[in-house]
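# Working through the structure, step by step
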Amino acid sequence: EPAAAVALAGGGTGGAGGGGGRGFASMAGAEGLEPAAVSGAGMRFEPCFVPRDPVLQEPMIGWGGSRDAPEDLKQLAVDIFNASPGHGVAFLVAAGIVRDYPVEINHFLTVSAADPRKFGDFLGEDFPLAQNLRLEILNSMPLLGTGVVSALSSVFRDVAVPDDFLRADRLAQGIAHFWWLQHEEELKARSEDEGAVDAAEPGGGNAALAAVAGVAAPPADGEVGGFELLRRLANDNTMHMLVFSTLMLHRWLQTGNSMTLNEWIQMNAGIEIGGTDVAMQIQAGIYNAV
């Protein structure tokens, strides 16, 4: 599928499905990229690409433009995607239905009744085309102020959770990363705007967290969320483990099985930094919300 996507789209190189591109530092730990991929401590890599041109020369701008592609052509693209997602995305670009930007491809698939299961499976794949779409759609999600369950509800509103564990885990990792990033960026912005933190003072970071805690919309069903959750977790890796464990708990219960809170907590033993446990209040809130 990735090779077909590149071949069918034609035009330039790179693009949402291309294999080559430039990068700038902004996304750490996401998608398993090694720190050595970029220079400088704490730097993070995010791919960006030169978009490919459509095969059809007459422009048909289907997202945010004054002209629109014919409905039958759109439906054909959806049908192709539902049968073979890589070919469907390639057809979208080649036919000029959308421009070769992940935000436009994702928007089309979200509003055009693409099969949620196919969409979820595709976003969980490991090749560059799927990775680019996954990173863009997760980055666009409103995760600020959410907890684990409410964040998952936002992401999987129009996309189904993949049945395959590896695909589900790639999505869980991305959700955790962008959840953490959105909260850190908001915290930094508020600290700078309000002068809430003097970086030279011990405990300044905790003071900033306390200053902005509870500002965002509360998470669902009383679970711990937002800046309070950020304060009580060591890093986004712990968040990743919680997100994936919550997905598995939901799947287990949804298939008619049972699991008590204590059993779930035992399964999560030692996932915090240094082999410690996530606070009981956080885990109980997630369990009750599920």
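Residues numbered from 1 in each chain as written. Predicted model: local features only at pLDDT ≥ 70, side-chain atom pairs only at ≥ 80, totals over all residues. Heavy atoms only, no water.

Here we come to the pattern of salt bridges. For the coordinates displayed, the defined rule picks out 10 salt bridges. The salt bridge involving Asp 158 is made with Arg 157; its shortest N-O contact spans 3.4 Å. Taking the relative accessible area as the measure of exposure, Asp 158 reaches 34% and is therefore partly exposed. Residue Arg 157 is classed as exposed on the basis of its relative accessible area, which comes to 66%. Of the charged contacts in the structure, one is a salt bridge between Glu 186 and Arg 190, with a shortest N-O distance of 2.5 Å. Of this pair, Glu 186 and Arg 190 both sit in helix α8 (residues 165–194), 4 residues apart, which is roughly one turn of the helix. Each of the salt bridges in this network shares a partner with another, and the network as a whole consists of Asp 121, Glu 125 and Arg 167. (Salt bridge = Lys/Arg side-chain N within 4 Å of Asp/Glu carboxyl O. Buried < 20%, exposed > 50% of the residue type's maximum accessible area, 1.4 Å probe, protein only. Helix = DSSP H or I, 4+ residues; strand = E, 2+ residues; numbered from the N terminus.)

This brings us to helix α7 (residues 148–155). Judged by how many residues are buried, α7 sits mostly within the fold: 6 of 8 residues are covered. All of the buried residues along α7 are Val 148, Val 149, Ser 150, Ala 151, Leu 152 and Val 155.

Turning next to the packing of aromatic side chains. Any aromatic ring pair is given by two values, namely how distant the centres are and how the planes are angled relative to each other. Per the counting criterion, the structure on display carries 5 aromatic pairs. Cluster of aromatic residues (ring-pair linked, three or more members): Phe 81, Phe 119, Phe 122 and Phe 127. (Phe/Tyr/Trp six-rings, centres within 6.5 Å; stacked < 30°, edge-to-face > 60°.)

At a minimum axis separation of 9 Å, helix α2 (residues 71–83) and helix α5 (residues 116–123) run at an interaxial angle of 60°. Considering the relative orientation of α2 and α5, their crossing is left-handed. Two secondary-structure elements touch here, α2 through Phe 81, Asn 82 and Ala 83 and α5 through Lys 118, Phe 119 and Phe 122. Its residues placed into classes, the contact of α2 with α5 shows 4 nonpolar, 1 polar and 1 charged. (Axes fitted to C-alpha atoms, helices over the stretch in contact; angles between N-to-C directions. Left-handed = near helix turned anticlockwise from the far one by under 90°. Contact = heavy atoms within 4.5 Å. Nonpolar A, V, L, I, M, F, W, Y, C, P; charged D, E, K, R; others polar.)

This paragraph deals with a nonpolar patch on the surface. Judged by side-chain polarity, Trp 252, Leu 253 and Val 290 come together as a nonpolar surface patch covering roughly 230 Å² of accessible area. Structurally, Val 290 is set in the segment after α13 (280–289). You can call Val 290 partly exposed: its relative accessible area is 31%. (Patch = residues over 30% accessible without salt bridge, like charges linked within 9 Å, V, L, I, M, F, W, Y side chains within 5 Å. Areas by Shrake-Rupley, 256 points an atom, 1.4 Å probe, with all protein chains shown as cover.)

Residue placement: Thr 238 occurs in helix α11 (residues 236–254). A distance of 2.9 Å separates polar atoms of two side chains, one belonging to Thr 238 and the other to Glu 272. Residue contacts for Thr 238: discarding those within four places in its chain leaves Leu 233, Ile 271, Glu 272, Ile 273 and Val 278. (Polar contact = N/O pair within 3.5 Å; in protein donor to acceptor, adjacent residues only side chain to side chain.)

Here the focus is the side chain of Arg 170. One can find Arg 170 in helix α8. We classify Arg 170 as buried; its relative accessible area is 19%. Beyond its immediate stretch of four places on either side in the chain, Arg 170 contacts Gly 124, Glu 125, Asp 126 and Arg 134.

Bringing the confidence of the model for the protein into the picture now. Averaged over all residues, the pLDDT of the protein is 78; the fraction at 70 or higher stands at 68%. Note on residues 18–41: pLDDT under 50 across the span, and 49 contacts to partners over four residues away in sequence or across chains. A low-confidence stretch, residues 43–47 (pLDDT under 50), is modelled with 25 contacts involving residues beyond four sequence positions or located in other chains. (pLDDT = per-residue confidence, 0-100.)

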